[in-house]
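# Residue-level structure breakdown
Each chain, letter by letter, is given below.
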Amino acid sequence: MADILHTFPIPASRDRVFAMFATPAGLDAWWTARATGRAALGETYELWFGPEYDWRARVTACEPEALFELTFTEAMPDWLGTRVRAELSEVDGVTTVRFAHLGWPEASEHFASRRSAGRCISA
């Protein structure tokens, strides 16, 4: 298995950063074209990236302002079962994000970084 791991600071409070990962409006600001869902353990998110990419993921970890994880249940074959996870800690108004996309069957073109959540939040 292969994993994507990133650690980066965002000059914003932990609750604002958590909302970027755990709310449909937050996800739509940096990742999806349209999302629905509720940040609660076991809930299902609809993640729409376009007509051919209408995916689903289940919330498999959720600790408000600290941890959020989605496990893909409907997606492209190499995304199925993978987990997108954000762990957050804050010091002096700067939130450190430990981001991971875990459980890839192998490294692929999906490992390329194209956008950053950090540019979607201002202090």
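First, a word on what this report is: a plain description of the structure on this page. (Residues numbered from 1 in each chain as written. Predicted model: local features only at pLDDT ≥ 70, side-chain atom pairs only at ≥ 80, totals over all residues. Heavy atoms only, no water.)

### Overview of the pattern of salt bridges
Rule in force here: Note on definitions: salt bridges are taken to be side-chain nitrogens of Lys or Arg within 4 Å of carboxyl oxygens of Asp or Glu. Burial classification: accessible surface area is computed with a 1.4 Å probe over protein chains only, and a residue below 20% of its type maximum counts as buried, one above 50% as exposed, and the rest as partly exposed.
Counted under the stated rule, the structure contains 6 salt bridges. Measuring nitrogen to oxygen at the nearest pair gives 3.0 Å for the salt bridge that ties Arg38 to Glu43. A relative accessible area of 29% means that Glu43 is categorised as partly exposed. A salt bridge links Arg56 to Asp54; the nearest nitrogen and oxygen atoms lie 2.8 Å apart.

### Regarding the side chain of Thr32
Worth spelling out the cut-off: Only DSSP runs of H or I reaching four residues or more are called helices, and only runs of E reaching two or more are called strands; each is numbered from the N terminus. Identification of polar contacts relies on pairs of N or O atoms within 3.5 Å, with a donor-acceptor requirement for protein atoms, meaning one able to donate a hydrogen and the other able to accept it, and with residues adjacent in sequence counted only if both atoms are side-chain atoms. Throughout, a contact is declared for two residues whenever any of their heavy atoms are within 4.5 Å.
Mapped onto the elements of the fold, Thr32 is located in the loop between helix H2 (24-30) and strand E2 (34-36). Relative accessible area serves as the criterion here: at 5%, Thr32 is assigned to the buried category. Looking at Thr32, its side chain comes within polar contact range of the side chain of Asp28, at 2.5 Å. Aside from chain neighbours lying at most four places away, what touches Thr32 is Leu27, Leu47, Trp48 and Phe49.

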